[in-house]
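Below, each chain spelled out in residue letters.
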Amino acid sequence: MISIERLSKAFDTARGTSHLALSDISLDVAGGEFVSILGPSGCGKSTLLYIVGGFVPPSSGAVRVQGAAVTGPGPDRGPVFQEFALFPWKTVLGNVMYGLLEQGAPKKIAEDRARALIEMVHLKGYENFYPKELSGGMKQRVAIARTLAYGPSILLMDEPFGALDAHTRTGMQHELLEIWERDRKTVLFVTHSVEEAVFLSDRVVVLTRSPGRIKEISRIDLPRPRRRAELLVDRRYQDYVVAIEKLMDDPAEVRA
Amino acid sequence: MTRLTQIPGLPPLVAAAGLLAAWELAARVFDISGLPPAHAALRELPVILTDKESLLNILDSIRRMVVGFAFALVFAIPVGLMMGRSRLTAAFFNPLLMIIYPVPKAALMPIIMLWLGVGDASKTLVIFLGVSLPVIYHAYQGARAVEEKMLWSAAAMGMDARARLTRIVFPAALPEIMVGVRTGLVLALITMVTSEMIARKQGVGDILFNALAMAQYETVYATIVIIGLLGFVIDVGFERLRAHLVAWAEPAHEIAAVGST
Ligand SMILES: Nc1ncnc2c1ncn2[C@@H]1O[C@H](COP(=O)(O)OP(=O)(O)O)[C@@H](O)[C@H]1O
Ligand SMILES: [Mg+2]
């Protein structure tokens with residue numbers, strides 16, 4: 001589905017030098033797979049996601065989606081950002097309908113679908129609210145519904161729950177899994193929380209500290225559907241979390 | 001005390017009454033012909049406002065102001081937005097603006113009159129210039145501040161750069177643009193009067209300076225009051241419109257009407 005081939009990214013810095021953010025990343029993500037990208041802050045997780053989204057060009061290497069090289073953003077890859085990035089001048093309904101109308105859907109159909117999605121993310125009754133009138137968790141639900149609305153086959157989520165409090169966050173993780181269980185979209189999910197990655201994913205990709213390289217890829221063999229309350233007392237879940245956490249603060253890791 | 005200030009319209013009424021009282025008092029104390037008492041000037045108001053010729057002059061001024069203002073918006077908003085989203089456009093326009101911004105637009109009037117004469121065209125052009133600059137500046141700032149992720153979200157929906165500029169950058173920058181437009185309105189009024197002061201033929205400014213030349217000081221002050229009221233009405237009307245248009249925005253824009261002429 002997604003194939004990332006020997007991807008590197010260097011940014012020009014203000015001092016005129018070049019800063020290597022990602023180095024030689026190769027990764028294949030199968031259709032319907034939930035893959036998390038985990039790593040310390042500044043290791044290039046967001047950059048990797050933005051390159052797959054087509055928002056940022058790579059310095060070398062390529063990204064293919066279903067065989068076709070990515071050259072820019074497209075409705076097959078729907079982003080969800082930590083900053084929500086809702087359109088503040090549009091209501092909840094207007095935001096969720098936006099992409100559908102953009103894709104040329106008739107107004108009536110767009111509205112019906114948007115209302116169904118708003119209900120799915122538990123925001124029924126808030127259709128006519130503006131983003132400024134919503135809490136962080138509600139905003140992120142709108143953002144997810146807005147992206148789901150135009151039917152991308154791939155979701156690119158950049159720490160979508162990073163700005164939420166712990167309680168809202170675990171609630172949103174459950175909701176995301178419920179949504180994902182329905183149509184099993186391919187998901188690339190960036191996070192710096194090991195527990196979040198293990199709870200959600202089929203595979204967890206751990207990146208090294210800057211420049212980001214793939215350090216290890218762990219397959220999470222936990223049955224689905226997953227319930228947090230059950231997993232927390234599940235030995236296998238605990239083992240995954242501990243193993244990956246160890247990997248994350250491995251002192252043997254030194255920079256080149 | 002906070003109770004009283006919450007009654008809509010009361011504070012400005014009190015301020016206006018205070019100003020009139022001070023004026024009346026000063027006129028009586030100093031007793032100079034250049035400062036007629038407030039009541040005498042106010043008596044002239046209905047005279048001016050029922051005189052057909054004066055009314056035509058006032059409407060004439062307003063028409064020029066509206067035309068200059070409208071052209072300025074149509075020109076300045078796209079330019080400002082494009083500057084905010086394209087480094088090249090910004091690099092081109094920025095130096096020009098930095099040179100023009102501090103120049104009092106009325107000071108350009110004599111030169112413009114050499115090109116376009118003393119008629120409508122010159123005056124409208126000066127108003128256009130006066131309004132354009134603050135609007136460009138605020139549209140530019142507003143466009144620059146648009147969250148990149150918002151534009152990316154739109155791009156993922158299939159919107160091209162042009163559609164993003166008109167349908168994402170423009171509404172996202174609208175609260176900031178409105179700050180510039182309000183400054184622009186004040187400047188439109190100021191440049192309207194000053195342009196008529198320099199190119200005397202018709203308009204409110206012409207009434208004002210004719211009266212001044214003929215030492216009809218009551219009329220002079222009454223005209224100033226009319227201009228002030230006009231500004232007040234425009235500002236209140238605009239504030240209503242603004243509140244309606246950008247009600248969705250986070251309340252971050254406390255705006256002050258300041259600017260150079
Ligand atoms: N637009 C940019 N210009 C220059 N450097 C950037 C830019 N975006 C990211 N970087 C740098 O690339 C590195 C990776 O950033 P990022 O992908 O945001 O990391 P993460 O999401 O893992 O925290 C950081 O060192 C950051 O400073
Ligand atoms: Mg990041």
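Residues numbered from 1 in each chain as written. Chains lettered and ligands numbered in written order. Predicted model: local features only at pLDDT ≥ 70, side-chain atom pairs only at ≥ 80, totals over all residues. Heavy atoms only, no water.

Student: Hey, could you run me through the pairing of strand β2 (residues 18-29) of chain A in this one?
Tutor: Two faces, one strand: in a regular strand the side chains alternate between the faces of the sheet. Residue and element names in this part refer to chain A. Inspection of the sheet shows strand β1 (residues 2-12) paired to β2 by eight bridges, in the antiparallel sense. Residue alanine 10 lies in a different strand from β2, and its bridge partner there is leucine 20. In this structure, the hairpin formed by β1 and β2 is closed by a connection of five residues, where glycine 16 is found at a positive phi of approximately 85 degrees. (Pairing = 2+ DSSP bridges. Helix = DSSP H or I, 4+ residues; strand = E, 2+ residues; numbered from the N terminus.)

Student: Which parts of the structure should I look at to understand the sheet that holds β1(A)?
Tutor: Sheet strands pair via backbone hydrogen bonds, and the direction of the pair is either parallel or antiparallel. Residue and element names in this part refer to chain A. Spatially, β2-β1-β4-β5 is the arrangement adopted by the four strands of the open sheet, whose pairing is antiparallel. The open sheet has two edge strands with one neighbour each: β2 and β5 (68-69). Here two bridges tie strand β4 (residues 60-65) to β5, and the two strands are oriented antiparallel to one another. In the sheet register, valine 65 faces β5, and the bridge partner there is alanine 68.

Student: I tried to follow the site of ligand 1 on my own but got confused; where do I start?
Tutor: All names here are of chain A. Neighbouring residues of ligand 1: Phe11, His19, Ala21, Pro40, Ser41, Gly42, Cys43, Gly44, Lys45, Ser46 and Thr47. Interatomic distance of 3.2 Å between a backbone N/O atom of cysteine 43 and an oxygen atom of ligand 1. Residue lysine 45 places a main-chain N or O atom 2.9 Å away from an oxygen atom belonging to ligand 1. Isolated, ligand 1 exposes 560 Å² of accessible area, and the fraction of that covered by the protein chains is 59%. Taken together, the elements giving at least two residues each to the shell around ligand 1 come down to β2 and α1 (45-53). Ranked by residues supplied to the shell around ligand 1, first place goes to α1 with three residues. Taken together, the residues that form the shell around ligand 1 break down as four nonpolar, six polar and one charged. (Near = heavy atom within 4 Å. Polar contact = N/O pair within 3.5 Å; in protein donor to acceptor, adjacent residues only side chain to side chain. Areas by Shrake-Rupley, 256 points an atom, 1.4 Å probe, with all protein chains shown as cover. Nonpolar A, V, L, I, M, F, W, Y, C, P; charged D, E, K, R; others polar.)

Student: Would you explain the packing of helix α9 (residues 161-198) of chain B against helix α11 (residues 217-245) of chain B in this entry?
Tutor: The relative placement of two packed helices is expressed as an angle between their axes plus a distance between the axes. Residue and element names in this part refer to chain B. For the pair α9 and α11, interaxial distance at closest approach is 11 Å and the crossing angle is 165 degrees. Looking at the two axes, α9 sits roughly antiparallel to α11. Two packed elements cross with a definite hand, and for α9 against α11 that hand is right-handed. Contacts between α9 and α11 involve Met178, Val181, Arg182, Leu185, Leu189, Met192 and Val193 from the first element and Ile227, Leu230, Gly231, Ile234, Asp235, Phe238, Glu239, Arg242 and Leu245 from the second. Class assignment of the residues belonging to the contact of α9 with α11 gives a composition of 11 nonpolar, one polar and four charged. (Axes fitted to C-alpha atoms, helices over the stretch in contact; angles between N-to-C directions. Parallel < 35°, antiparallel > 145°, perpendicular 65-115°, else oblique. Left-handed = near helix turned anticlockwise from the far one by under 90°. Contact = heavy atoms within 4.5 Å.)

Student: How do you make sense of helix α8 (residues 235-248) of chain A when you look at a structure like this?
Tutor: Note that an α-helix has 3.6 residues per turn; residues three or four places apart therefore point the same way. All names here are of chain A. Here α8 spans 20 Å end to end across 14 residues, near enough to the 20 Å set by a 1.5 Å rise per residue. Among all positions of α8, only Tyr237, Val241, Ile244 and Leu247 are buried. Down the axis of α8, the sector holding all buried residues measures 125 degrees, keeping them to one side. Within α8, the exposed residues directed more than 90 degrees away from the buried face are Arg235 and Lys246. Where α8 is buried, its residues touch β3 (34-38), α6 (194-200), β9 (203-207), β10 (214-219) and α7 (228-232). Capping the start of α8, aspartate 234 holds a side-chain oxygen 2.8 Å from the backbone nitrogen of arginine 236, two or three residues further along. (Expected span 1.5 Å × (residues − 1). Buried < 20%, exposed > 50% of the residue type's maximum accessible area, 1.4 Å probe, protein only. Arc of directions from axis to C-beta.)

Student: In this structure, what is going on with the packing of helix α5 (residues 87-100) of chain B against helix α7 (residues 120-144) of chain B? I would like to understand it.
Tutor: All names here are of chain B. Relative to each other, α5 and α7 sit at 140 degrees, their axes nearing to 11 Å. Between α5 and α7, the interaxial angle falls into the category oblique. The chirality of how α5 crosses α7 is left-handed. Within the contact between the two elements, α5 uses Ala90, Asn94, Leu97 and Ile100 and α7 uses Leu133, Ile136 and Tyr140. Partitioning the contact of α5 with α7 into residue classes produces six nonpolar, one polar and no charged.

Student: Would you mind showing me how to read unusual backbone geometry here?
Tutor: The phi angle of most residues is negative, glycine excepted, and most peptide bonds adopt the trans form. Residues and elements named next belong to chain A. The amide bond that connects serine 210 to the next residue, proline 211, takes the cis arrangement and shows omega of -5 degrees. Within the element layout of this structure, proline 211 appears in the loop between β9 and β10. Following arginine 224, the chain continues to proline 225 via a peptide bond in cis, the omega torsion being -5 degrees. One non-glycine residue, aspartate 24, adopts positive backbone phi at about 55 degrees. Accessibility expressed as a relative area gives 38% for aspartate 24, which makes it partly exposed. In this model, glutamate 159 sits at a positive phi of 40 degrees, which is unusual for a non-glycine residue.

Student: Where do I start with the interface of chain B and chain A in this structure?
Tutor: Note on interface size: it is often stated as the accessible area lost on association of the parts. Taken together, the contacts link 19 residues of chain B with 23 residues of chain A. Interface area for chain B against chain A, summed over the two sides, is near 1,900 Å², with a carbon-plus-sulfur share of 67%. The largest per-residue losses of area from chain B upon contact with chain A belong to B:Trp152, B:Met157 and B:Trp248, which jointly make up 38% of the total buried on that side. For A:Glu83, the salt bridge is made with B:Lys149, and the minimal N-O distance between the two is 2.9 Å. Linking chain B to chain A there are seven residue pairs in polar contact (both at pLDDT 80 or more). Every element with two or more residues in the side of chain B that touches chain A is listed here: α8 (148-156) and α9 of chain B. Residue contributions to the side of chain B that touches chain A peak at seven residues, all from α8(B). Tallied by class, the residues present in the side of chain B that touches chain A amount to 13 nonpolar, two polar and four charged. (Buried area = accessible area lost by both parts, 1.4 Å probe. Salt bridge = Lys/Arg side-chain N within 4 Å of Asp/Glu carboxyl O.)

Student: Explanation requested: the environment of B:Asp206 in the structure shown.
Tutor: All names here are of chain B. Note on placement: aspartate 206 falls in helix α10 (residues 204-213). Sequence spacing of aspartate 206 and isoleucine 99 is 107 residues, and the spatial spacing of their C-alpha atoms is 30 Å. Sequence-distant contacts of aspartate 206, defined by excluding residues within four places in its chain, comprise Glu196, Arg200 and Lys201.

Bear in mind that shape data such as this cannot, by itself, settle questions of function.
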